Amino acid sequence: MEMRDKVNFVLSERLASFEGLVHGFADRSAGADASIIEKHFNLSRLAQLKQVHSGDVVIVNDPENHHNLTEGDALVTRLKGVGIGIRTADCVPILIVDKGNSVIAAVHGGWRGTLSEIADNTVRVIQSNYGVCPSELTAVIGPSIKKCCYEVGEDVASLFKEKFDNTDQYLFESTKSKYFLDLSIANRLQLQRVGVADIEVIDICTKCNESFFSYRREGKGVSTQLSCIGLKR
Ligand SMILES: [Zn+2]
């Protein structure tokens, strides 16, 4: 008999208040095991992507024709009973739903994706394809590496400074030519700029908290954890 410890998910208070929705930010107990997550949330399948740190958004219309090697970094769907999930180990997972519970999204925001405005792009795809206004959306920024632990060089910092205003809200100079980058805040600002008002940021740093896989703590070859969202069938 196979024995498995209980699996843990961090839940968002905001998303938990939606009827007809399932969601969870897995820690290392479930990790990236889609079958555990499908079973736990009673989903027929969990659609994923080949994540490439892009700004590209993929709409899942037909789960039969979606394969997890489609390249992109955000998924959008209106299908019921089909989950969408993204894998992270420090990068920022963002889960989105509209007030009418008619469309959901899951976003992978590492520094490159954030620089490519993946969160903005996702909101725009939802608006242009389904006519859902950004002000109707709730977005939750999940467990990820926070500014306490995410030091980057001048090379990365300058890319943000060249492209965006207000970087003083999420880039903090540390020692000479180094910066602490708060990707949660960078993504929150992007979502606000595009018109999303209801945003929750979960205050868990994946490097500080050993329940989570962390690239910065564990290095190359680290596993990932899935963050998922689905409309109930
Ligand atoms: Zn930390």
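Residues numbered from 1 in each chain as written. Predicted model: local features only at pLDDT ≥ 70, side-chain atom pairs only at ≥ 80, totals over all residues. Heavy atoms only, no water.

**Q** Explain the overall build of the protein here, please?
**A** From N to C terminus, the protein includes seven helices and 14 strands. Relative to a compact globule of 233 residues, whose C-alpha radius of gyration would be 17 Å, the protein shows 17 Å and is just as compact. Along the first, second and third principal axes, the C-alpha set of the protein runs to 50 × 45 × 30 Å. Evaluated residue by residue, the protein yields a buried proportion of 55% over its 233 residues. For the protein, restricting intrachain contacts to residue pairs at least 6 apart in sequence, the fraction spanning at least 24 positions comes to 66%. When the accessible surface of the protein is summed, it comes to about 10600 Å², and 46% of that surface belongs to carbon and sulfur atoms. (Helix = DSSP H or I, 4+ residues; strand = E, 2+ residues; numbered from the N terminus. Rg over C-alpha atoms; globule rule 2.2 N^0.38 Å. Buried < 20%, exposed > 50% of the residue type's maximum accessible area, 1.4 Å probe, protein only. Contact = heavy atoms within 4.5 Å. Areas by Shrake-Rupley, 256 points an atom, 1.4 Å probe, with all protein chains shown as cover.)

**Q** Looking at this model, I keep getting lost on the packing of helix H4 (residues 118-130) against helix H6 (residues 183-193). Mind explaining?
**A** In helix packing, the relevant descriptors are the interaxial angle and the interaxial distance, both defined with respect to the helix axes. Put simply, H4 and H6 touch, their axes get as near as 8 Å, and they point 30° apart. In this view, H4 runs roughly parallel relative to H6, as classed from their interaxial angle. Crossing geometry of H4 relative to H6 is assigned as right-handed. Here Ile118, Ala119, Asp120 and Val123 of H4 lie close against H6, whose contacting residues are Asn187, Gln190, Leu191 and Arg193. (Axes fitted to C-alpha atoms, helices over the stretch in contact; angles between N-to-C directions. Parallel < 35°, antiparallel > 145°, perpendicular 65-115°, else oblique. Left-handed = near helix turned anticlockwise from the far one by under 90°.)

**Q** I'm lost on the coordination of the zinc ion in this one. Help?
**A** Put simply, the ideal angle at a metal is 109.5 degrees for four donors in tetrahedral geometry and 90 or 180 degrees for six donors in octahedral geometry. Bound to the zinc ion on the protein side are Cys148 (SG), Cys149 (SG), Cys205 (SG) and Cys208 (SG), at distances that span 2.2 to 2.3 Å. Around the zinc ion sit four donor atoms; with metal-centred angles ranging over 102 to 113°, the donor geometry is tetrahedral. Ordering the donors of the zinc ion by residue number gives the pattern C-C-x55-C-x2-C. Judged by its relative accessible area of 16%, Cys149 is buried. (Donors = N, O, S within 2.8 Å, 3.2 Å for Na, K, Ca; no water. Tetrahedral: all angles 85-135°; square planar, octahedral: opposite > 155°, others 65-115°.)

**Q** How should I be thinking about the pairing of strand S5 (residues 74-77) in this particular structure?
**A** Where a strand is regular, its side chains alternate between the two sheet faces. Residues Ala74 and Val76 point to one face of S5 and Leu75 and Thr77 to the other, with burial holding for every one of them. In the sheet, strand S4 (residues 57-60) pairs with S5 via four bridges, with the strands oriented parallel. Across the sheet, residue Ile59 finds its bridge partner in S5, namely Val76. In this structure, S5 lies alongside strand S8 (residues 104-109), joined through four bridges in antiparallel fashion. By the bridge assignment, Val76 is partnered in S8 with Ala105. (Pairing = 2+ DSSP bridges.)

**Q** Even after reading the chapter, I still don't get the pattern of salt bridges, so can you show me in this structure?
**A** In a structure, side chains of opposite charge can pair up when their charged atoms sit close to one another. With the rule as written, the count across this model stands at nine salt bridges. Ionic pairing is found between Arg14 and Asp198, a salt bridge with its closest N-O pair at 2.4 Å. Here Arg14, found in helix H1 (residues 13-16), pairs with Asp198, found in strand S13 (residues 198-201); they are 184 residues apart in sequence, far enough to count as distant. Classification of Asp198 by relative accessible area gives partly exposed; the value is 21%. Ionic pairing is found between Arg217 and Glu218, a salt bridge with its closest N-O pair at 3.1 Å. Connected through salt bridges with shared partners, the residues Glu117, Asp120, Arg124, Lys163 and Arg193 form a single ionic network. (Salt bridge = Lys/Arg side-chain N within 4 Å of Asp/Glu carboxyl O.)

**Q** Is there a simple way to explain the layout of surface pockets in this structure?
**A** The rolling of a water-molecule-sized probe over the atoms marks out the regions of remaining empty space. Roughly 470 Å³ of internal volume is contained in the largest pocket. Taken together, 18 residues line the largest pocket, and the ones lying closest to its centre are His53, Ala89, Cys91, His108 and Tyr215. Looking at the lining of the largest pocket, the elements that each hand over two or more residues are strand S6 (82-88), helix H3 (111-115) and helix H7 (215-218). Residue classes in the lining of the largest pocket are distributed as eight nonpolar, six polar and four charged. Of the volumes computed, that of the second largest pocket is approximately 170 Å³. Lining of the second largest pocket is provided by Thr114, Phe160, Phe164, Asp165, Asn166, Tyr170, Ala186, Leu189, Gln190, Gln192 and Arg193. Per-element accounting of the lining of the second largest pocket gives the leading share, five residues, to H6. Residues belonging to the lining of the second largest pocket are distributed by class as follows: five nonpolar, four polar and two charged. (1 Å grid on protein atoms, 1.4 Å probe; cavity = no way out; pocket = protein on both sides within 12 Å on 5 of 7 lines; lining within 4 Å. Points joined across faces, edges and corners; volume = space filled by probe spheres on them. Nonpolar A, V, L, I, M, F, W, Y, C, P; charged D, E, K, R; others polar.)

**Q** Would you mind showing me how to read the nonpolar core here?
**A** A general feature of soluble globular proteins is that nonpolar side chains tend to end up buried together. Counting residues in hydrophobic clusters, the biggest one holds 40 residues, and the most contacted among them are Ile94, Ile96, Phe160, Tyr170, Leu181 and Leu191. Aside from chain neighbours lying at most four places away, what touches Phe160 is Trp111, Thr114, Leu115, Thr167, Tyr170, Leu171, Leu181 and Leu183. With 22 residues, the next largest nonpolar core counts Leu15, Leu49, Val60 and Ile229 among its residues. (Core = buried A, V, L, I, M, F, W, Y, C linked by side-chain atoms within 4.5 Å.)

Shape is all these values report; function is a separate question.
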